[in-house]
Amino acid sequence: MRLHRLALAGLVTAGLVTAVASSPQLPATAAPAAGSAQEQQDRSTGCSKQATQQPGTGADYALVSGGITRTYRLHLPAGYDAKKAQPLIVVYHGRGKTGAFTEAFTDLSKLDAIVAYPNGVVGDEDKQAWQGAPYAKPGVDDVKFTADLLDTLEAAYCVDQDAVYATGKSNGAGFTGILACRMADRFAAIAPVAGAFYIEGGRCAPSRPVPVLAIHGTGDTTIPYGGDGQRDLPSVQTWVRDWAVRDHCDPEPRLSTQGDDVLTATYKGCEADVVHVAVTDGGHSWPGSDASSGPGYVTQTFEAHELIGSFFRAHKLRH
């Protein structure tokens, strides 16, 4: 409890907290009614096509993007129906990891959605990485690869094009921030976990406000919560506040608590919701995971995949 109070005091000092509630509540956004005209027009061209794999299974695929053969793992939900548009979640692994490894510890394939786990290109130290990081392979356009991946999946499967989301961990989580800046017309929301938000030097100017759920441990020593100037890593609080400004939120969020180790800052008055979940003393890990997800303390107070799923379900692209 002492650590919990220290974390709360740190958020107050940083200007992130003005009020405290007993339990976190994610903002809710109304989705189109089932069978509505909007739902019908959001169906991808892959609807009614026979899937190349069985519902409830995962399989590995490849596509060529930018002259490079790229790979990804795809999981279809057990209830997949080619006549019913499904949400699509794209999950980006951390540096040196793979999509399959990330699927194993995130539990995101348990969600009722089509889930894709793409693989990055090998960069420095022979480790796979994503665009925007100093160790990523120069010249690789992962934004274009993502667009090509979405085109491929939407043509082959029945995707709700207003319910396409991005999440990931570490370097992959940081890349979701780039996608929010550059592909806001295709991604309805992002949910980075333990994100490495390297400063690219470019200006982030999304075409619309983007809902953001950012989860990070205050004890993360790999990607420090307070940032790392020598590596051009901003503090997590600074990154979150920048999105609160972009999404035209009120300047001071409301804080709620869960258990002894979770603090949730929810911005109000936004054109798109911004929520920050800080795990007191949390490491470079995936909350709720029973498998190895990274060094440091892993909270079991909440399951990250469940919180992310709830946030995504509450947010669809607005026309």
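Conventions we followed
Residues numbered from 1 in each chain as written. Predicted model: local features only at pLDDT ≥ 70, side-chain atom pairs only at ≥ 80, totals over all residues. Heavy atoms only, no water. Pairing = 2+ DSSP bridges. Helix = DSSP H or I, 4+ residues; strand = E, 2+ residues; numbered from the N terminus. Phe/Tyr/Trp six-rings, centres within 6.5 Å; stacked < 30°, edge-to-face > 60°. Buried < 20%, exposed > 50% of the residue type's maximum accessible area, 1.4 Å probe, protein only. Lys NZ or Arg CZ within 6 Å of the ring centre and 35° of its normal. pLDDT = per-residue confidence, 0-100. Contact = heavy atoms within 4.5 Å. Core = buried A, V, L, I, M, F, W, Y, C linked by side-chain atoms within 4.5 Å. Salt bridge = Lys/Arg side-chain N within 4 Å of Asp/Glu carboxyl O. Axes fitted to C-alpha atoms, helices over the stretch in contact; angles between N-to-C directions. Parallel < 35°, antiparallel > 145°, perpendicular 65-115°, else oblique. Nonpolar A, V, L, I, M, F, W, Y, C, P; charged D, E, K, R; others polar.

## Remarks on the pairing of strand S3 (residues 68–75)
Then, in step 1: With eight bridges joining them, strand S2 (residues 58–65) and S3 adopt antiparallel strand pairing. In the strand pairing of S3, Leu-63 is matched with Arg-70.
Then, in step 2: As consecutive antiparallel partners, S2 and S3 are separated by two residues, and within that stretch Gly-66 has a phi angle of approximately 60°, a positive value.
Then, in step 3: In this sheet, strand S5 (residues 114–118) lies alongside S3 in antiparallel orientation, the contact comprising four bridges.

## Quick look at the packing of aromatic side chains
Then, in step 1: By the definition in use, this model includes 11 aromatic pairs.
Then, in step 2: Taking the centre distance of 4.9 Å and the plane angle of 85° together, the rings of Tyr-92 and Trp-130 count as edge-to-face. Linking Tyr-92 in strand S4 (residues 86–92) with Trp-130 in the loop between strand S7 (128–129) and helix H4 (142–156), this pair joins segments that are 38 residues apart in sequence.
Then, in step 3: According to the relative accessible area criterion, Trp-130 is buried, its value standing at 0%.
Then, in step 4: Members of the aromatic cluster, each reached through a chain of ring pairs, are Tyr-92, Trp-130 and Phe-175.
Then, in step 5: A cation over a ring is seen here: Arg-95 above Tyr-135, with NZ or CZ 4.1 Å from the ring centre.

## Description of the confidence of the model for the protein chain
Do not read the fine detail of predicted coordinates wherever pLDDT is low.
Then, in step 1: Predicted confidence across the protein chain gives a mean pLDDT of 90, with 87% of residues reaching 70 or more.
Then, in step 2: Across residues 12–25, confidence stays below pLDDT 50; counting only partners more than four residues off in sequence or on other chains, it has 35 contacts.
Then, in step 3: Below pLDDT 50 for its whole length, residues 28–39 participates in 14 contacts with residues either more than four positions away or in separate chains.

## Focus: the nonpolar core
Then, in step 1: Core analysis: the biggest nonpolar cluster contains 50 residues, and Phe-187 and Trp-243 have the highest contact counts within it.
Then, in step 2: Element by element, the count of residues in this core is highest for H4, at six residues.
Then, in step 3: For Trp-243, the contacting residues outside a window of four places in its chain are Gly-177, Ala-180, Cys-181, Cys-204, Pro-206, Val-210, Val-212 and Val-274.
Then, in step 4: Counting 28 residues, the second-largest nonpolar core is a separate cluster that includes Tyr-165, Ala-188, Leu-213 and Phe-311.

## Quick look at the pattern of salt bridges
Then, in step 1: As enumerated under the stated definition, the model contains 11 salt bridges in all.
Then, in step 2: A salt bridge links Glu-103 to Arg-73, with the shortest nitrogen-to-oxygen separation between them at 2.9 Å. One end of the pair, Glu-103, is in helix H3 (residues 99–106); the other, Arg-73, is in strand S3, with 30 residues separating them in the sequence.
Then, in step 3: Classification of Glu-103 by relative accessible area gives buried; the value is 16%.
Then, in step 4: Salt bridges linked by common partners bring Asp-60, Arg-73 and Glu-103 together as one network.

## Brief notes about the environment of Ala-304
Then, in step 1: When you line up the elements, Ala-304 lands in helix H7 (residues 304–313).
Then, in step 2: For Ala-304, a relative accessible area of 0% corresponds to the buried category.
Then, in step 3: Counting along the chain gives 198 residues from Ala-304 to Thr-106, while the straight-line C-alpha distance between them is 7.6 Å.
Then, in step 4: Excluding residues within four positions of it along the chain, Ala-304 makes contact with Trp-286 and Pro-287.

## Some details on the environment of Ala-155
Then, in step 1: In this fold, Ala-155 is placed in helix H4.
Then, in step 2: Its relative accessible area of 30% is what places Ala-155 among the partly exposed residues.
Then, in step 3: Separated by 111 residues in sequence, Ala-155 and Ser-44 place their C-alpha atoms 6.6 Å apart.

## What about the packing of H4 against helix H5 (residues 171–182)?
Two quantities define a packed helix pair, namely the angle between the helix axes and the distance between the axes.
Then, in step 1: Where H4 contacts H5, the axes come no closer than 11 Å and their chain directions differ by 75°. The pairing of H4 with H5 is recorded here as roughly perpendicular in orientation. Contact residues: Asp-142, Val-143 and Thr-146 in H4; Phe-175, Ile-178, Leu-179 and Arg-182 in H5.
Then, in step 2: Looking at the contact of H4 with H5 residue by residue, the classes come out as four nonpolar, one polar and two charged.

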